[in-house]
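# Survey of secondary and tertiary structure
Below, each chain spelled out in residue letters.
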Amino acid sequence: MNTVAKPPAGAVNQPDAFAHQLKRWRTLRRVSQLDLAIRADTTQRYLSFLEQGRSRPGRTMVVRLAESLELSLRERNGLLLAAGYAPVFAESRLDTPELAPVRDALDRILDGHMPYPAVVVRPYGVLVAANAAFELLTEGAAPELLAPPVNVLRLALHPDGLARRVLNLPEWGRHVIESLRGRALRSPDPELDSFIAELASYLPAAEPGPEHLGFAVPLRLRSEAGELRLITTITSFATAVDVTLSELHLEAFLPADDHTAAILRTRADHR
């Protein structure tokens, strides 16, 4: 069964709601009226009228503007609602029969990453699925952090979770948080701000040295077999036309050196 996606916080269906939301998103994306007009194949004058509430856009124009602003499917639905139109993107439950092929595909992708840990998560780190190697990241974690719904980010940075085994927690943890802050800048959400504050409270102070690379901070993890060095890759489902699927992403923890790769292969062989 498909459900109608809820609008993001701040989207209100009233006469000036669309004008407010359009200007808000354009400002957040740091795009001028002229640039947005060119992208959406319209005129700056018309766009100015829309932001002033002097003109009412057609449904097609709202979709074009949302695409030009690179809004998520959920945000596009919210802009349509603000303009007085019904959402066009469905929001499905992953456990519906219609999405069975998607669930099967996700399972195959996760299995294909073995013997390396991989997870599929919803926004803000809520775990959807994981492969067997994910147990590497849950070893020794407090039971309450592993109770459904598991939040992978909280598990990673909480003092009673993975954090106690992370050798470079200040640097790696802040790398994780900075990624979330970048997301919050593009799509402000009070709930995300609160979550970021919670995660930041778990981390000790960090003083990046001259060799610190903010864009590439490997996870250095203590294990019985020695130190593991892992890098992460994130894959999104960019062509999804369903809100739920568009918000999922796959995160894989890959070995950064031969030593780590050998340990992970050995772990898998002895399972």
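Anything mentioned here points back to the structure above.
Residues numbered from 1 in each chain as written. Predicted model: local features only at pLDDT ≥ 70, side-chain atom pairs only at ≥ 80, totals over all residues. Heavy atoms only, no water.

### What to know about the overall build of the chain
Secondary structure summary: the chain contains twelve helices and seven strands in total. Each principal axis of the C-alpha distribution contributes one length, and for the chain these read about 65 × 50 × 30 Å. In the chain, which comprises 271 residues, the share counted as buried stands at 43%. For the chain, the share of sequence-separated contacts (at least 6 apart) that also reach a separation of at least 24 residues comes to 59%. Summing over all exposed atoms, the chain offers an accessible surface of approximately 14400 Å²; the carbon and sulfur share of this is 54%. (Helix = DSSP H or I, 4+ residues; strand = E, 2+ residues; numbered from the N terminus. Buried < 20%, exposed > 50% of the residue type's maximum accessible area, 1.4 Å probe, protein only. Contact = heavy atoms within 4.5 Å. Areas by Shrake-Rupley, 256 points an atom, 1.4 Å probe, with all protein chains shown as cover.)

### A look at helix α3 (residues 44-51)
Buried within α3 we find Leu 47, Ser 48, Phe 49, Leu 50 and Glu 51. Next to the buried residues of α3 lie α1 (17-28), α2 (33-39) and α4 (59-68). In the stretch just after α3, Gly 53 is the one whose phi turns positive, near 80°.

### A few points about the nonpolar core
Judged by nonpolar contacts, the single largest core of 38 residues is most densely connected at Leu 157, Leu 162, Trp 172, Leu 219 and Leu 221. Contributing elements (two or more residues each) for this core: β3 (118-121), α7 (135-138), α8 (152-157), α9 (169-186), α10 (190-201), β5 (219-221), β6 (228-236) and α12 (258-269). No other element matches the six residues that α9 contributes to this core. Formed by 21 residues, the second largest nonpolar core is a distinct cluster that contains Leu 36, Leu 47, Met 61 and Ala 66. (Core = buried A, V, L, I, M, F, W, Y, C linked by side-chain atoms within 4.5 Å.)

### Points about the pattern of salt bridges
For the coordinates displayed, the defined rule picks out 15 salt bridges. Close ionic contact of Glu 91 with Arg 74 constitutes a salt bridge, the shortest N to O distance being 2.9 Å. Pair noted here: Glu 91 is in strand β2 (residues 90-92) and Arg 74 is in helix α5 (residues 73-82), with a separation of 17 residues, a long-range link. Among the salt bridges present, the one from Arg 181 reaches Glu 178, with a minimum N-O distance of 2.7 Å. With Arg 181 and Glu 178 both in helix α9 and three residues apart, the pair spans about one turn of that helix. Given a relative accessible area of 37%, Arg 181 falls into the partly exposed group. Residue Glu 178 is classed as partly exposed on the basis of its relative accessible area, which comes to 44%. Counted as one network, the salt bridges with shared partners bring together Glu 135, Glu 139, Arg 165 and Arg 267. (Salt bridge = Lys/Arg side-chain N within 4 Å of Asp/Glu carboxyl O.)

### Concerning the packing of aromatic side chains
Enumeration over the complete set of coordinates arrives at zero aromatic pairs. Lying across the ring of Trp 25, Arg 24 places its NZ or CZ 4.7 Å from the centre. For the cation-ring pair, Arg 54 lies above Phe 49, with the distance from its terminal atom to the ring centre recorded as 4.1 Å. (Phe/Tyr/Trp six-rings, centres within 6.5 Å; stacked < 30°, edge-to-face > 60°. Lys NZ or Arg CZ within 6 Å of the ring centre and 35° of its normal.)

### Side note on the packing of α1 against α5
A pair of packed helices is characterised by two quantities: the angle between their axes and the separation of those axes. Packing of α1 against α5 leaves a shortest axis separation of 8 Å and a crossing angle of 145°. Residues Ala 17, Phe 18, Gln 21, Leu 22 and Trp 25 of α1 pack against Glu 75, Leu 79 and Ala 82 of α5. Residues of the contact of α1 with α5, tallied by class, amount to six nonpolar, one polar and one charged. (Axes fitted to C-alpha atoms, helices over the stretch in contact; angles between N-to-C directions. Nonpolar A, V, L, I, M, F, W, Y, C, P; charged D, E, K, R; others polar.)

### Here's the deal with the side chain of Asn 131
The topology assignment puts Asn 131 in the loop between β4 (127-130) and α7. Taking the relative accessible area as the measure of exposure, Asn 131 reaches 6% and is therefore buried. Side-chain polar atoms of Asn 131 contact the backbone oxygen of Leu 110, separated by 3.1 Å. Discounting residues that sit within four places of it in the chain, Asn 131 has contacts with Leu 110, His 113, Met 114, Tyr 116, Pro 117 and Ala 118. (Polar contact = N/O pair within 3.5 Å; in protein donor to acceptor, adjacent residues only side chain to side chain.)

### Considerations on unusual backbone geometry
Leave glycine aside and you will find that most residues have negative phi; peptide bonds, for their part, are mostly trans. With an omega dihedral of 10°, the bond running from Met 114 to Pro 115 counts as a cis peptide bond. Assignment of secondary structure puts Pro 115 in the loop between α6 (100-112) and β3. Pro 149 follows Pro 148 through a cis peptide bond whose omega is -5°. When you line up the elements, Pro 149 lands in the loop between α7 and α8.

### Notes on the environment of Ser 236
For Ser 236, the position within the fold is in strand β6. With 197 residues separating them in the primary sequence, Ser 236 and Arg 39 have C-alpha atoms 24 Å apart. Filtering out sequence-adjacent residues up to four positions away, Ser 236 remains in contact with Leu 248 and His 249.

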